[in-house]
Every structure is written in C-alpha cells, then in structure tokens.
Amino acid sequence: MVEKTGRPGYLQIADDLREQIRGGSLAPGTPLPSTAQLAEQYDASLSVVKMAVGILRNEGLVIGQQGKGVFVRDTDQAPAADLAGEVTELRSAVRDLAERLARVEKQLATSTTHRSGRSSR
C-alpha cells in the first residue's frame with residue numbers, strides 16, 4: 001500500500017518492487033503481476049503503477065515482452081549502470097535548467113518592474 005509520506009507513490013512502489021527483486025522474492029524470469037493487480041495491491045492508479053514499472057525498466061531490472069507481460073530480468077543480462085556518467089549527465093542538466101530558470105526569473109522581474117512603473121489612464 002502506498003503511504004502518505006510525501007514521497008510520490010510511484011517511487012514507493014518502485015522501491016518495494018526493487019527490494020523484492022534484489023531480495024529474491026521476485027526471481028529472474030518471474031513475471032510481475034499485471035498493472036491492474038499491482039494497482040489493486042498498492043491501492044494506486046494504473047498510471048502510478050506504470051510509472052513505477054517504467055523506473056524499473058530504465059534501471060534494467062525488468063523487461064517487457066509484447067503481449068506477454070513484464071518479467072524480472074536476469075541480473076547477468078542487465079546492462080551495467082554507468083552511475084558516474086549518469087550523475088555527470090544529471091548535474092549538467094540541472095545546471096542548464098538552473099541557468100534557464102535564472103534567465104526566465106530575470107525577464108519576469110524586468111517585465112513586472114516595467115508594468116508597475118506605468119501609470120493608469
């Protein structure tokens with residue numbers, strides 16, 4: 001069940017499924033329960049469950065097979081995570097977003113200053 005902790009439900013579900021995979025209760029080759037079953041189990045919407053499973057796919061822990069379902073991937077087949085590369089990429093993206101946000105905030109402040117300086121007619 002997804003708890004109201006402030007942490008998004010899809011992350012809680014992904015964490016729980018990840019623990020089950022790493023703990024062995026969901027062994028390699030084992031199918032995950034259907035999206036509907038997971039939604040019922042975690043008392044969450046289908047979209048929240050799909051986002052959680054998407055995270056596990058991106059991490060290489062599960063793999064989808066069209067028409068068959070989503071299966072726990074054999075860890076020997078899972079791609080090696082280039083964690084350092086991912087962190088560098090994320091830092092770069094955050095830096096870029098921070099710079100873009102600063103420009104938008106500056107433009108907004110300038111725009112607001114110009115408007116407040118106008119007299120009403």
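The rules behind the values
- Residues numbered from 1 in each chain as written.
- Predicted model: local features only at pLDDT ≥ 70, side-chain atom pairs only at ≥ 80, totals over all residues.
- Heavy atoms only, no water.
- Helix = DSSP H or I, 4+ residues; strand = E, 2+ residues; numbered from the N terminus.
- Buried < 20%, exposed > 50% of the residue type's maximum accessible area, 1.4 Å probe, protein only.
- Contact = heavy atoms within 4.5 Å.
- Areas by Shrake-Rupley, 256 points an atom, 1.4 Å probe, with all protein chains shown as cover.
- Expected span 1.5 Å × (residues − 1).
- Arc of directions from axis to C-beta.
- Salt bridge = Lys/Arg side-chain N within 4 Å of Asp/Glu carboxyl O.
- Core = buried A, V, L, I, M, F, W, Y, C linked by side-chain atoms within 4.5 Å.
- Pairing = 2+ DSSP bridges.

Undergrad: Explanation requested: the overall build of the chain in the structure shown.
TA: Across its full length, the chain holds 4 helices and 2 strands. Helices and strands appear in the chain in the N-to-C order α-α-α-β-β-α. Counting all 121 residues of the chain, 19% fall into the buried class. In the chain, the proportion of contacts linking residues at least 24 apart, taken out of those at least 6 apart, comes to 52%. Approximately 9200 Å² of the chain is accessible, and the part contributed by carbon and sulfur atoms is 52%.

Undergrad: Hey, could you run me through helix 3 (residues 46-58) in this one?
TA: Given 3.6 residues per turn, any residue in an α-helix points the same way as the ones three and four places further on. With 13 residues, helix 3 should cover 18 Å at 1.5 Å per step; its first-to-last C-alpha distance of 18 Å lies within 8% of that length. Among the residues of helix 3, those classed as buried are Val49, Ala52, Val53, Ile55 and Leu56. Buried residues of helix 3, viewed axially, fall in a sector of 150°; they line one side. Of the exposed residues in helix 3, those oriented more than 90 degrees away from the buried face are Lys50 and Asn58. Looking one or two places after helix 3, you find Gly60, whose phi comes out positive at around 80°.

Undergrad: I tried to follow the pattern of salt bridges on my own but got confused; where do I start?
TA: Pairing between side chains becomes possible if they bear opposite charge and their charged atoms approach one another. What the rule picks out here adds up to 4 salt bridges. Taking the shortest distance from any N to any O, the salt bridge between Arg7 and Asp15 comes out at 2.7 Å. Overall, the relative accessible area of 40% leaves Arg7 in the partly exposed class. The partly exposed category is assigned to Asp15, whose relative accessible area is 22%. Where Arg100 meets Asp96, a salt bridge forms, and the shortest distance between an N and an O atom there is 3.8 Å. Here Arg100 and its partner Asp96 are both found in helix 4 (residues 83-116), 4 residues apart, which amounts to about one turn of the helix.

Undergrad: Mind showing me how you'd approach the nonpolar core here?
TA: Considering soluble globular proteins, one finds that nonpolar side chains tend to be buried as a cluster. If you look at the biggest cluster of nonpolar residues, it comprises 18 residues, and the most contacted ones within it are Leu17, Ile21, Leu32, Val53, Leu56 and Val62. When residues of this core are traced back to their parent elements, those giving at least two are helix 1 (9-23), helix 2 (35-42), helix 3 and strand 2 (69-72). Ranked by residue count, the leading element in this core is helix 3, at 5 residues. The residues contacting Val62, other than those within four sequence positions of it, are Ile21, Leu32, Val53, Leu56, Arg57, Val70, Phe71, Val72 and Arg73.

Undergrad: Help me out: how do you make sense of helix 1 in this one?
TA: Helix length check: helix 1 (15 residues) gives 21 Å between terminal C-alpha atoms against 21 Å at 1.5 Å per residue, within 8%. In this fold, the buried residues of helix 1 make contact with helix 2, helix 3, strand 1 (62-65) and strand 2. Just past helix 1, the residue Gly24 takes up positive phi, approximately 95°.

Undergrad: For this particular structure, what's the right way to read the side chain of Gln12?
TA: The residue Gln12 is located in helix 1 in this model. Contact partners of Gln12, with chain neighbours within four places excluded, come to Val2, Glu3, Thr5 and Arg7.

Undergrad: Mind showing me how you'd approach the pairing of strand 1 here?
TA: Where a strand is regular, its side chains alternate between the two sheet faces. Sheet topology note: the strand 1/strand 2 ladder contains 4 bridges and is antiparallel. What sits directly across from Gln65, in strand 2, is Gly69. Connecting strand 1 to the next strand, strand 2, in antiparallel fashion are 3 residues, including Gly67 with a positive phi near 80°.

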